[in-house]
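Next come the chains, spelled out residue by residue.
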Amino acid sequence: MAELKYISGFGNECASEDPRCPGSLPEGQNNPQVCPYNLYAEQLSGSAFTCPRSTNKRSWLYRILPSVSHKPFESIDQGHITHNWDEVDPDPNQLRWKPFEIPKASQKKMDFVSGLHTLCGAGDIRSNNGLAIHIFLCNTSMENRCFYNSDGDFLIVPQKGKLLIYTEFGKMLVQPNEICVIQRGMRFSIDVFEETRGYVLEVYGVHFELPDLGPIGANGLANPRDFLIPVAWYEDRQVPGGYTVINKYQGKLFAAKQDVSPFNVVAWHGNYTPYKYNLENFMVINSVAFDHADPSIFTVLTAKSVRPGVAIADFVIFPPRWGVADKTFRPPYYHRNCMSEFMGLIKGHYEAKQGGFLPGGGSLHSTMTPHGPDADCFEKASKVKLAPERVADGTMGHGHSKGRLLRRGIFPGFPHFCPGI
Ligand SMILES: O=C(O)Cc1cc(O)ccc1O
Ligand SMILES: [Fe+2]
């Protein structure tokens, strides 16, 4: 696979054209009477037209055919997704899931969309306020199928196997230890190369932002320039009647047929794009004197609610770092939190849970449910002679998203959760 190119910078106003069509991006205006190469101009809005400039998001796409050239959408099999948190009774217990099993292609072919399994969620899809956590399990590339989500943004955390993601803005390769965000309305199709697994944090109605840094200053945590945006790439591929566009709309799946690949955008400009980020670039900040900092210090991206300081979801990681605090019980403290905490593991182990919490599994500590280190961890960390030590070395990226998970969703076929501690 030839090395892919990217543009760098979180939320930047970018412009890109496929080098095969120089001059395809109109200059000085968005809607020329006739676009270069007779392309069609199409705006994709990620915010209301009238949002303040600081939150206004839109991109202009110059494409071979407008997206509207499709047959009607029809309801299709809902697979394993849900947005109905009442399907199972609420359960305040600490929950832990073993690694989710990926079906073998010889048993059951699954691509990224048919392999999406909703695990839990909160809030309401219709009022554009809430979140869902899905696990994806797949063994097959999406063939002549793309997906777009009308309900919100997908933050995708591959845990096993890399993803080659075709988007209307270009191609991205996303490997375990990297994350990507595909925002509301953007069409994408995913190629996989082996049995592949990961987590999806979906937020309804809002977009992810970099957290404010307050007294940290102008730099640190996830730095804006490390976010990478694809460059324009198109295919002019006819698939008479055979290309399927799948849409998640109000939590339900619909499909429409069309005659061409949707990845026919020759040039684009704007600030509403997909992006990826390598978690290794996270500049970790922590206590260097005493006591344990709250894990919000590890926030990579946040999706804000309308209540100041309260996120719909924060995406937090527990990356490799030095632990140096004096006279301190260093592992996570025992606590009860008004924010629910869902945790996944990309690789390695998690310091507060030495056994039973494995890469590709998950845990859920719902709002106000007590939790903390297991007994062994408590014993050891209370007695150990404190010296500088590497924490989670070689582990990287305990994907952790934290939100108000009011109800545990269903996960058909995977009843093997067991109580945590
Ligand atoms: O519960 C957890 O393991 C996550 C967590 C980590 C930490 O260092 C402090 C609080 C917290 O919720
Ligand atoms: Fe916690």
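These numbers were taken from a predicted model, which means no experiment stands behind them.

Some points on the overall build of the protein
Okay, step 1: For the protein, the helix and strand inventory stands at one helix and 29 strands.
Okay, step 2: Taken against the 2.2 N^0.38 rule, which gives 22 Å for 421 residues, the C-alpha radius of gyration of the protein at 22 Å falls within 12% of a compact globule.
Okay, step 3: If one aligns the C-alpha atoms of the protein with their principal axes, the spans along those axes are about 75 × 50 × 40 Å.
Okay, step 4: Expressed as a percentage of the 421 residues in the protein, the buried residues total 42%.
Okay, step 5: For the protein, contacts bridging at least 24 residues in sequence account for 78% of all contacts bridging at least 6.

Quick look at the pairing of strand 7 (residues 116-124)
Okay, step 1: Among the nine residues in strand 7, eight count as buried, and that is most of the element.
Okay, step 2: In the sheet, strand 7 pairs with strand 8 (residues 129-138) via eight bridges, with the strands oriented antiparallel. Looking across to strand 8, one finds that Thr118 is bridged to His134.
Okay, step 3: Connecting strand 7 to the next strand, strand 8, in antiparallel fashion are four residues, including Asn128 with a positive phi near 60°.

Some remarks on the nonpolar core
Okay, step 1: Grouped together as the largest cluster of nonpolar side chains are 94 residues, with contacts concentrated most on Leu155, Ile156, Cys180, Leu201 and Val265.
Okay, step 2: By residue number, the principal contributor to this core is strand 8, which donates seven residues.
Okay, step 3: Mapped onto the domain boundaries, this core takes at least three residues apiece from domain 1 (8-279) and domain 2 (281-410).

Some words on the sheet that holds strand 19 (residues 265-270)
Okay, step 1: The antiparallel open sheet is built from four strands, whose spatial order is 2-19-4-3. At either margin of the open sheet sits one strand with a lone partner, and together these are strand 2 (14-17) and strand 3 (40-45). Each neighbouring strand pair of the sheet contributes to a mean axis angle of 20°, computed without reference to strand direction.
Okay, step 2: Pairing between strand 2 and strand 19: four bridges, direction antiparallel.

Thresholds, definitions, all that
- Residues numbered from 1 in each chain as written.
- Chains lettered and ligands numbered in written order.
- Predicted model: local features only at pLDDT ≥ 70, side-chain atom pairs only at ≥ 80, totals over all residues.
- Helix = DSSP H or I, 4+ residues; strand = E, 2+ residues; numbered from the N terminus.
- Rg over C-alpha atoms; globule rule 2.2 N^0.38 Å.
- Buried ≥ 20, exposed ≤ 12 C-beta atoms within 10 Å, placed from the backbone.
- Contact = placed C-beta atoms within 7 Å.
- Pairing = 2+ DSSP bridges.
- Core = buried A, V, L, I, M, F, W, Y, C linked by C-beta atoms within 7 Å.
- Domains from an automatic or database assignment.
- Axes fitted to C-alpha atoms, helices over the stretch in contact; angles between N-to-C directions.

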